[in-house]
Amino acid sequence: MNYIAPSFLSADIWQVAQQISTLEQEGCRYLHLDVMDGTFVPNISFGPGWIKGLRPHTEMIFDAHLMVEEPDRFLPAFAEAGCQICTIHAEACRHLDRSLRLIRELGMQPGVALNPATPLSAIEYVHDLVDLVLIMSVNPGFGGQKFIPQAQQKLKQLWDLREMWGKDFLIEVDGGVTAGNATELAHAGADLLVAGSAVLGKADIAAAYREVHAAANA
Ligand code: DX5
Ligand code: ZN
């Protein structure tokens, strides 16, 4: 089974409670939380306080994606907010090994994200510390961007590497995912597909979720 993680970034702030309960009714298990600091990426979104406010209202797995420079400073706050998966960017950490270990020590599942221009070799010495590797298929910072096709090849290579390493971390793809490319991405190796504008950005969220989920499992 391949899973869809709708991105909260595309939620309608006014309707968010209704939107999340619609996703839950559709059987959606993951909520992707895009945290942006205005330094690592040219945009600001929300922080651990917002996530903590959502936590009592849903059982969904909180899949936090920190687009934050030197995230160690904030990791305890994300653990306290109730994030289960905490993904940090290889490019944003001076001591990636230390940061990933800290996430685990705080009781969260560590993930590492790679920007489109970052080679897979960036995780060669940390792959045994992670539960998830996130391949960015757009340059991070905004929802609604166009999928960068090279990401597909990167997914295939990561799938091969995972086999070679004998690991079972999840492979997540993030950016420009639609019902139109979800099948190919799942076949290329993605286990978890982030969908922002393709799900929470649509008027009929239930239908949009079903469509992307069906495509990812076709
Ligand atoms: C981009 C974020 C994505 C974004 C995806 O910086 O990491 O998670 O919300 O949005 P779409 O699916 O619209 O590309
Ligand atoms: Zn994201």
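This report concerns the structure included in the present document. (Residues numbered from 1 in each chain as written. Chains lettered and ligands numbered in written order. Predicted model: local features only at pLDDT ≥ 70, side-chain atom pairs only at ≥ 80, totals over all residues. Heavy atoms only, no water.)

### A short note on the overall build of the protein chain
1) Next: The helix and strand inventory of the protein chain stands at seven helices and eight strands.
2) Next: Compactness check: the protein chain gives a C-alpha radius of gyration of 16 Å against a globular reference of 17 Å for 218 residues, within 12% of the reference.
3) Next: With respect to the three principal axes, the spread of C-alpha positions in the protein chain is 45 × 35 × 30 Å.
4) Next: Counting every position in the protein chain, which comprises 218 residues, the buried fraction comes to 54%.
5) Next: Sequence separation of at least 24 residues holds for 64% of the intrachain contacts in the protein chain that already meet a minimum separation of 6.
6) Next: In the form shown here, the protein chain has an accessible surface area of approximately 9,800 Å², with 52% of it arising from carbon and sulfur atoms.
7) Next: In the protein chain, which carries 15 positive and 26 negative side-chain charges, the distance between the mean positions of the two groups comes to 2 Å. (Helix = DSSP H or I, 4+ residues; strand = E, 2+ residues; numbered from the N terminus. Rg over C-alpha atoms; globule rule 2.2 N^0.38 Å. Buried < 20%, exposed > 50% of the residue type's maximum accessible area, 1.4 Å probe, protein only. Contact = heavy atoms within 4.5 Å. Areas by Shrake-Rupley, 256 points an atom, 1.4 Å probe, with all protein chains shown as cover. Lys, Arg positive; Asp, Glu negative; His and termini not counted. Charge placed at Lys NZ, Arg CZ, Asp CG, Glu CD.)

### A few points about the coordination of the zinc ion (ligand 2)
1) Next: Coordination sphere of the zinc ion (ligand 2), protein contribution only: His32 (NE2), Asp34 (OD), His65 (ND1) and Asp174 (OD), at 2.0 to 2.2 Å.
2) Next: With six donor atoms in place around the zinc ion (ligand 2) and angles of 69 to 170° between them, the coordination shape is octahedral.
3) Next: Each donor residue of the zinc ion (ligand 2) lies on the same chain, and together they follow the pattern H-x1-D-x30-H-x108-D. (Donors = N, O, S within 2.8 Å, 3.2 Å for Na, K, Ca; no water. Tetrahedral: all angles 85-135°; square planar, octahedral: opposite > 155°, others 65-115°.)

### A look at the site of ligand 1
1) Next: Not every one of the 20 residues close to ligand 1 is listed here, only the nearest: Asp34, Gly141, Gly144, Asp174 and Ser197.
2) Next: Taking Asp34, its side chain carries an N or O atom lying 2.7 Å from an oxygen atom of ligand 1.
3) Next: A distance of 2.7 Å is found between an oxygen atom of ligand 1 and a backbone nitrogen or oxygen belonging to Gly144.
4) Next: In isolation ligand 1 has 380 Å² of accessible area, and contact with the protein removes 100% of it.
5) Next: Secondary-structure elements contributing two or more residues to the shell around ligand 1 are strand 2 (30–36), strand 3 (61–67) and strand 8 (192–195).
6) Next: Among the residues making up the shell around ligand 1, the classes are represented as eight nonpolar, 10 polar and two charged. (Near = heavy atom within 4 Å. Polar contact = N/O pair within 3.5 Å; in protein donor to acceptor, adjacent residues only side chain to side chain. Nonpolar A, V, L, I, M, F, W, Y, C, P; charged D, E, K, R; others polar.)

### What about the nonpolar core?
1) Next: In this structure, Phe8, Ile51, Leu66, Leu100 and Leu193 are the most contacted members of the largest nonpolar core, which totals 62 residues.
2) Next: At five residues, helix 7 (residues 205–216) tops the list of elements feeding residues into this core.
3) Next: In contact with Leu66, not counting residues within four places along its chain, are Val35, Pro71, Leu75, Phe78, Cys86, Thr87, Ile88 and His89. (Core = buried A, V, L, I, M, F, W, Y, C linked by side-chain atoms within 4.5 Å.)

### Description of the pattern of salt bridges
1) Next: Scanning the model with the defined rule gives five salt bridges in all.
2) Next: In this structure, Lys52 and Glu80 form a salt bridge, with 2.9 Å as the shortest nitrogen-oxygen distance. Of this pair, Lys52 sits in helix 2 (residues 48–54) while Glu80 sits in helix 3 (residues 75–81); the two residues are 28 residues apart in sequence, bridging distant segments of the chain.
3) Next: Linking Arg104 and Asp131 is a salt bridge whose minimum nitrogen-to-oxygen distance equals 2.8 Å. Taken together, the positions of Arg104 in helix 4 (residues 96–105) and Asp131 in the loop between strand 5 (109–114) and strand 6 (132–136) put the pair 27 residues apart, joining distant regions of the chain. (Salt bridge = Lys/Arg side-chain N within 4 Å of Asp/Glu carboxyl O.)

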